[in-house]
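Examination of the molecular architecture
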Amino acid sequence: MFAFKSITKRFGQTMVAEHIDLQVEAGEILAILGASGSGKSTLLHIAAGLQKADSGEVWLNGENITFRQPEKREIAMMFQDFALFPHLNVWQNVAFGVRLRGVGKAAAREQAQNWLAKLNLSHAANRTIAQLSGGEQQRVALARALIVQPKLLLLDEPFSSLDTALRQQLQQEIIALIREYHIPALLVSHDPAEAALTAQHIALLADGRIIQYGTPAELFRRPVSAQAARLLGCLN
Ligand code: ADP
Ligand code: MG
């Protein structure tokens, strides 16, 4: 299980997080829904250890990891822009994390092939990244994230650049993998439909605060304020 405990963060005068408390259970997706610039990516960076909170704690599976180095956190991250390595081919991209952990080339390649098969990408194992479509690149990024068996998956608007059909397919694949491997996942998005389709719980983020938290059904049935309704797309 993952938790933020009273996370506070400001950049100069801008308060991006003010006493944020959130929890995600293994196998579930928590969506953080907020407008652009509301601090969503910053929260993920704090979870990953790429940025430091001013105060508050980050917990993972009963351990306080607030001061742990990013590479020791066993957290994987997937971005909107894939961030794949252009100089490595597909299987080398997928194998990267296990190679880094000292697994030999042949064994790492076999693990990568298994993940590529799981994501219907076996045919592309030896291609360069430039030879893949956007959807394929995003599935390579997913395989690369999961091959290291992370204890938490962070998803920073990973579907935004995909068209509707591909987006829905990838969403279903991610949901199934998170269930199968029993990983907690934090998804940040500005798209209410995406949050509703993928997450068990949604947290609405505005002005550095969680203004509402609940299941998608609860939120859409009863937004607590006009601001909440707007974030959910129920008001213009
Ligand atoms: P979101 O992902 O919701 O669009 P971000 O977390 O990227 O929002 O940014 C939240 C706010 O913090 C924005 O106003 C952004 O300009 C600011 N910000 C983000 N990162 C930095 C930084 N490293 N230094 C200064 N300001 C930042
Ligand atoms: Mg962002």
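Note that the structure is a prediction, hence the values are computed from the model and not measured.

Within the chain, the regular secondary structure consists of eight helices and ten strands. The globule rule puts the C-alpha radius of gyration for 236 residues at 18 Å, and the 18 Å found for the chain is close to it. C-alpha extents for the chain along the principal axes are approximately 55 × 40 × 30 Å. Sorting the 236 residues of the chain into buried and exposed places 41% on the buried side.

For the rest of this paragraph, the subject is unusual backbone geometry. Non-glycine residue H19 carries a positive phi angle of around 50°. With respect to the helices and strands, the residue H19 is situated in strand 2 (residues 14–24).

Right, let's talk about the site of ligand 1 for a bit. Lining the immediate environment of ligand 1, one finds F11, T14, V16, G34, S36, G37, S38, G39, K40, S41 and T42. Breaking the shell around ligand 1 down by element, the ones donating at least two residues are strand 2 and helix 1 (40–48). Counting residues per element, the shell around ligand 1 draws most heavily on helix 1, which supplies three residues. Looking at the shell around ligand 1 residue by residue, the class counts come to two nonpolar, eight polar and one charged.

A sheet is described by the order of its strands in space; here four strands give the open sequence 2-1-4-5, paired in antiparallel fashion. Only two strands of the sheet have a single partner each, and these edge strands are strand 2 and strand 5 (63–64). Note that strand 1 (residues 2–11) and strand 4 (residues 55–60) share five bridges and pair antiparallel. Bridging from a neighbouring strand, F2 pairs with L60 of strand 4. Against the sheet, helix 1 touches strand 1, strand 2 and strand 4, its axis set at about 60° to strand 2.

Here strand 6 (residues 75–79) lies mainly inside the structure; four of its five residues are buried. In the sheet, strand 6 pairs with strand 7 (residues 152–156) via five bridges, with the strands oriented parallel. Residue pairing in the sheet places M77 in a bridge with L154 of strand 7.

What follows covers the nonpolar core. Within the largest apolar cluster, 65 residues are counted, with the highest numbers of intra-cluster contacts made by V94 and L186. Looking at this core, the element that brings in the most residues is helix 4 (residues 134–146), giving six residues. With residues up to four places along the chain from it excluded, the contact list for V94 reads A112, W115, L116, V140, A143, R144 and I147.

Rules used throughout
Residues numbered from 1 in each chain as written. Chains lettered and ligands numbered in written order. Predicted model: local features only at pLDDT ≥ 70, side-chain atom pairs only at ≥ 80, totals over all residues. Helix = DSSP H or I, 4+ residues; strand = E, 2+ residues; numbered from the N terminus. Rg over C-alpha atoms; globule rule 2.2 N^0.38 Å. Buried ≥ 20, exposed ≤ 12 C-beta atoms within 10 Å, placed from the backbone. Near = placed C-beta within 6 Å. Nonpolar A, V, L, I, M, F, W, Y, C, P; charged D, E, K, R; others polar. Pairing = 2+ DSSP bridges. Contact = placed C-beta atoms within 7 Å. Axes fitted to C-alpha atoms, helices over the stretch in contact; angles between N-to-C directions. Core = buried A, V, L, I, M, F, W, Y, C linked by C-beta atoms within 7 Å.

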